[in-house]
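Results of the structural survey
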Amino acid sequence: MKVISIITARGGSKGIPDKNIIDINGFPLIYYSIKASLNSKVIETWVSTDCEKIAAIAKSYPGVFISNRPKHLANDIVHAEEALIQFSEDYDYDLLVFIQPTSPMIKPEYINAGISMMKSGKYDSVFSVTEEHWIPRWDKDVNPIKWSIDKRPRRQDKDPTYVENGMFYITSRSALLKNKLRYGGKMGFVKIPLKNSFQIDSLEDLDLIKKII
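This report concerns the structure included in the present document. (Residues numbered from 1 in each chain as written. Predicted model: local features only at pLDDT ≥ 70, side-chain atom pairs only at ≥ 80, totals over all residues. Heavy atoms only, no water.)

**Regarding the overall build of the protein**
Basically, it comes down to this: A run of H or I in DSSP becomes a helix once it reaches four residues, and a run of E becomes a strand once it reaches two; helices and strands are each numbered from the N terminus. Per-residue accessibility, obtained with a 1.4 Å probe over protein chains only, is compared with the maximum for each type, and a residue is labelled buried under 20%, exposed over 50%, and partly exposed between these values. Contact between two residues is taken to exist if any of their heavy atoms lie within 4.5 Å; hydrogens are not considered. Computed with the Shrake-Rupley method and a 1.4 Å probe, the accessible areas treat only the protein chains shown as cover for residues. In this tally Asp and Glu are treated as negative and Lys and Arg as positive; neither His nor the chain ends contributes. To locate a charge, take atom NZ for lysine, CZ for arginine, CG for aspartate or CD for glutamate.
A count of helical and extended segments in the protein gives six helices and nine strands. With respect to the principal axes defined by its C-alpha atoms, the protein has extents near 60 × 40 × 30 Å. By residue count, 46% of the 213 residues in the protein fall in the buried class. Of the contacts formed within the protein by residues at least 6 apart in sequence, a portion of 75% connects residues at least 24 apart. Only carbon and sulfur atoms are counted for the fraction: they give 52% of the accessible area of the protein, which is about 11,500 Å². Treating the 30 positive side-chain charges of the protein as one cloud and the 26 negative ones as another, the clouds have centres 4 Å apart.

**A word on the pattern of salt bridges**
Defined as follows: Just to be clear on terms, a salt bridge is a Lys or Arg side-chain nitrogen sitting within 4 Å of an Asp or Glu carboxyl oxygen.
What the rule picks out here adds up to ten salt bridges. Across the pair Asp 18 and Lys 53 runs a salt bridge whose closest N-O atoms are separated by 3.5 Å. On the criterion of sequence distance, the pair formed by Asp 18 in the loop between strand E1 (3-8) and strand E2 (23-24) and Lys 53 in helix H2 (residues 52-59) is long-range, its members being 35 residues apart. Overall, Asp 18 belongs to the partly exposed group, its relative accessible area being 37%. Relative accessible area serves as the criterion here: at 45%, Lys 53 is assigned to the partly exposed category. In this structure, the salt-bridge partner of Asp 141 is Lys 140, at a minimum N-O distance of 3.6 Å.

**Here's the deal with the sheet that holds strand E7 (residues 125-132)**
Note the cut-off: Between any two strands, pairing holds if DSSP finds at least two bridges. The axes used here are C-alpha line fits, helices contributing only the stretch in contact, and every angle between their N-to-C directions lies in the interval 0 to 180 degrees.
With mixed pairing, seven strands are arranged side by side in an open sheet as E5-E4-E1-E6-E8-E7-E9. Each edge of the open sheet is held by one strand with a lone partner, namely strand E5 (64-68) and strand E9 (187-191). Put simply, the sheet's adjacent strands are angled 30° from each other on average, direction ignored. Here E7 runs beside strand E8 (residues 161-172); their pairing, made up of seven bridges, is antiparallel. Considered in E8, the bridge of Glu 131 is made with Tyr 162. Strand contacts of helix H4 (residues 108-119): E1, strand E6 (95-99), E7, E8 and E9, with the helix running at about 65° to E8, the strand carrying the most contacts.

**A few points about the environment of Ser 40**
Examined against the element boundaries, Ser 40 turns out to sit in the loop between helix H1 (29-38) and strand E4 (44-49). Sequence separation between Ser 40 and Leu 29 is eleven residues, and the spatial gap between their C-alpha atoms is 18 Å. If sequence neighbours within four positions are ignored, Ser 40 has contacts with Pro 108, Ile 111 and Asn 112.

This is the structure we're talking about:
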């Protein structure tokens, strides 16, 4: 079974310029995803990018392949699926590990756990989550969301929920091309500890990650 990974890293980040290669304690952000993939059971590690600077940095790590992402698939409104489909129409494999470079706490053992689940034949897709215990949530108009203030539940009386943390998704080539989605069918998840689940989407996130990584 041919298992490959693809790390999507476009160059047009607006919130944090050059986010995917911004320095995180001496290494570009994308390095952490590349390192985890190269040390996992993935056979080939690909970086999909429209940016020459990102491509040059990615190629500096032995074992990394580059998929040149067309500019029309690298803007703010394009879903990652479109780049994954474009790649998969041109390249043959069995399982695809789609990794987003914004989770620098990713570890090879998390990827391997997902691959093992897929190889068991019990799942059509797998993705990473973080467990969240119940907390009272409110909408912008200060209305409780799915609970009542006069019947406030205890945390231990509510089942935990699982938050998709965006670290990685695993699916088969056939399912991706058929469903046009990163997941579907019988889905499973890999639970990532909270301390390793943070993503970098803002300067505040960046400051936090630099302190804990």
